[in-house]
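# Architecture and fold: a report
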Amino acid sequence: DTAVSQTPKYLVTQMGNDKSIKCEQNLGHDTMYWYKQDSKKFLKIMFSYNNKELIINETVPNRFSPKSPDKAHLNLHINSLELGDSAVYFCASSQNRLAVTQYFGPGTRLLVL
Amino acid sequence: QKEVEQDPGPLSVPEGAIVSLNCTYSNSAFQYFMWYRQYSRKGPELLMYTYSSGNKEDGRFTAQVDKSSKYISLFIRDSQPSDSATYLCAIHENNDMRFGAGTRLTVKP
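## Here we look at the overall build of chain B
For chain B, the count of helices and strands is 0 helices and 11 strands. Along the chain direction, N to C, the helices and strands of chain B fall in the order β-β-β-β-β-β-β-β-β-β-β. What you see for chain B is a C-alpha radius of gyration of 13 Å, in line with the 13 Å of a compact globule of 109 residues. Viewed in the frame of its principal axes, chain B has a C-alpha envelope of about 40 × 25 × 20 Å. For chain B, the residues scored as buried account for 43% of the 109 residues in total. For chain B, the proportion of contacts with a sequence separation of at least 24, taken over those separated by at least 6, is 53%. Counting only carbon and sulfur atoms, one obtains 45% of the accessible surface of chain B, whose full area is about 5,200 Å². Considering chain B, the positive charge centre built from 12 side chains and the negative charge centre built from 12 side chains are found 5 Å apart.

## A closer look at a nonpolar patch on the surface
On the surface, a cluster of nonpolar side chains totalling about 280 Å² of accessible area is made up of Val 12, Leu 111 and Leu 113 of chain A. With respect to the secondary-structure elements, Leu 113 of chain A resides in the segment after strand S11 (108-112).

## Looking at the layout of surface pockets
All names here are of chain A. Considered as a void within the structure, the largest pocket measures approximately 300 Å³ in volume. Considering the residues around the largest pocket, the lining is formed by 20 residues, among which Gln 37, Asp 38, Ser 39, Lys 40 and Lys 41 are closest to the centre. With 3 residues, the top contributor of residues to the lining of the largest pocket is strand S9 (residues 87-94). Roughly 190 Å³ of volume is contained in the second largest pocket. Lining the second largest pocket we find Lys 36, Gln 37, Asp 38, Phe 42, Lys 44, Ile 45, Met 46, Glu 58, Thr 59, Val 60, Pro 61 and Phe 64. Looking at the lining of the second largest pocket, the element that brings in the most residues is strand S5 (residues 43-50), giving 3 residues. Taken together, the residues that form the lining of the second largest pocket break down as 6 nonpolar, 2 polar and 4 charged.

## A look at the pairing of strand S4 (residues 31-37) of chain A
Residue and element names in this part refer to chain A. Of all the 7 residues making up S4, 6 are buried; the element is thus mostly covered by neighbouring parts of the structure. Counting the residues between successive antiparallel strands, the hairpin from S4 to S5 contains 5 residues, one of them, Lys 41, with a positive phi of roughly 75 degrees. Summarising the sheet, S4 and S9 pair through 7 bridges and their orientation is antiparallel. Across the sheet, the residue bridging to Lys 36 is Tyr 89, located in S9.

## Overview of the interface of chain B and chain A
Interface size is commonly expressed as the accessible surface area that is lost when the partners come together. Of the residues lining the interface, 21 residues belong to chain B; the matching set on chain A comes to 25 residues. Between chain B and chain A lies a buried interface of about 1,800 Å² when both sides are counted; carbon and sulfur atoms form 55% of it. Broken down residue by residue, the surface that chain B buries against chain A is led by Arg 41, Asn 95 and Phe 99 of chain B, which jointly contribute 33%. Taken together, the links from chain B to chain A amount to 1 salt bridge. Note that Glu 58 of chain A and Arg 98 of chain B form a salt bridge whose closest N and O atoms lie 3.6 Å from each other. In this structure, the connection of chain B to chain A is made through 3 residue pairs in polar contact (both at pLDDT 80 or more). By residue number, the principal contributor to the side of chain B that touches chain A is strand S4 (residues 32-38) of chain B, which donates 4 residues. Across the side of chain B that touches chain A, the residue classes tally to 10 nonpolar, 7 polar and 4 charged.

## Let's talk about the nonpolar core
Counting residues in hydrophobic clusters, the biggest one holds 24 residues, and the most contacted among them are Trp 35, Ile 72, Leu 74, Ile 76 and Tyr 87 of chain B. Contributions of two or more residues to this core are made by strand S3 (19-25), S4, strand S5 (45-51), strand S7 (61-66), strand S8 (71-76), strand S9 (85-93) and strand S11 (103-108) of chain B. The contact partners of Leu 74 of chain B, leaving out residues within four places of it in the chain, are Val 19, Ser 20, Leu 21, Trp 35, Leu 47, Met 48, Phe 61, Thr 62, Ala 63 and Tyr 87 of chain B. Membership of the second largest hydrophobic core comes to 20 residues, among which are Val 4, Val 60, Leu 74 and Val 112 of chain A.

Criteria and thresholds
Residues numbered from 1 in each chain as written. Chains lettered and ligands numbered in written order. Predicted model: local features only at pLDDT ≥ 70, side-chain atom pairs only at ≥ 80, totals over all residues. Heavy atoms only, no water. Helix = DSSP H or I, 4+ residues; strand = E, 2+ residues; numbered from the N terminus. Rg over C-alpha atoms; globule rule 2.2 N^0.38 Å. Buried < 20%, exposed > 50% of the residue type's maximum accessible area, 1.4 Å probe, protein only. Contact = heavy atoms within 4.5 Å. Areas by Shrake-Rupley, 256 points an atom, 1.4 Å probe, with all protein chains shown as cover. Lys, Arg positive; Asp, Glu negative; His and termini not counted. Charge placed at Lys NZ, Arg CZ, Asp CG, Glu CD. Patch = residues over 30% accessible without salt bridge, like charges linked within 9 Å, V, L, I, M, F, W, Y side chains within 5 Å. Salt bridge = Lys/Arg side-chain N within 4 Å of Asp/Glu carboxyl O. 1 Å grid on protein atoms, 1.4 Å probe; cavity = no way out; pocket = protein on both sides within 12 Å on 5 of 7 lines; lining within 4 Å. Points joined across faces, edges and corners; volume = space filled by probe spheres on them. Nonpolar A, V, L, I, M, F, W, Y, C, P; charged D, E, K, R; others polar. Pairing = 2+ DSSP bridges. Buried area = accessible area lost by both parts, 1.4 Å probe. Polar contact = N/O pair within 3.5 Å; in protein donor to acceptor, adjacent residues only side chain to side chain. Core = buried A, V, L, I, M, F, W, Y, C linked by side-chain atoms within 4.5 Å.

Next up, the structure:
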């Protein structure tokens, strides 16, 4: 059983399009995260939700909008995609907002042409 | 200046070598120090973490933290080809986690 799953694994799209990435965790965790990993492997947090409530919102363009329908799911919608959005997006979860251990999904590779 | 500085490498060693991976950080408020391993085209997975200063050993892996110099190290003894991956250091406090850029390690048989 996959603990943290993401769909799709790969996403190739044109500039200006709108796309969504979905994440689900079956660990019963309260807290979920979205990270962006650029081409240099630098992993940077974007958002964090705790029990469906947004608790971390880093400096990210407004074109990125997270949504958590329930505590097991955290989706990321991106409007008006730009070339610079090309990256690998990782979802992660932790038992609660203070837990040190985070469990990462397999990543979604986004390529904007 | 990034909060966590890590030499991206790449680092290539022969099988059996001792590997030393290092990071420095700037914010002394952080109390938890972690090492994640990321295989190619996979998500990072937690290798080990330490709280405050000191050493922690887990099999062939030893994590070391020196809070006075804000220095984090990971040592891998008897390195194996299966250790080939990118290693990311991270610091954590109150739901706030900051990663280093990752060091790409290749262990050659």
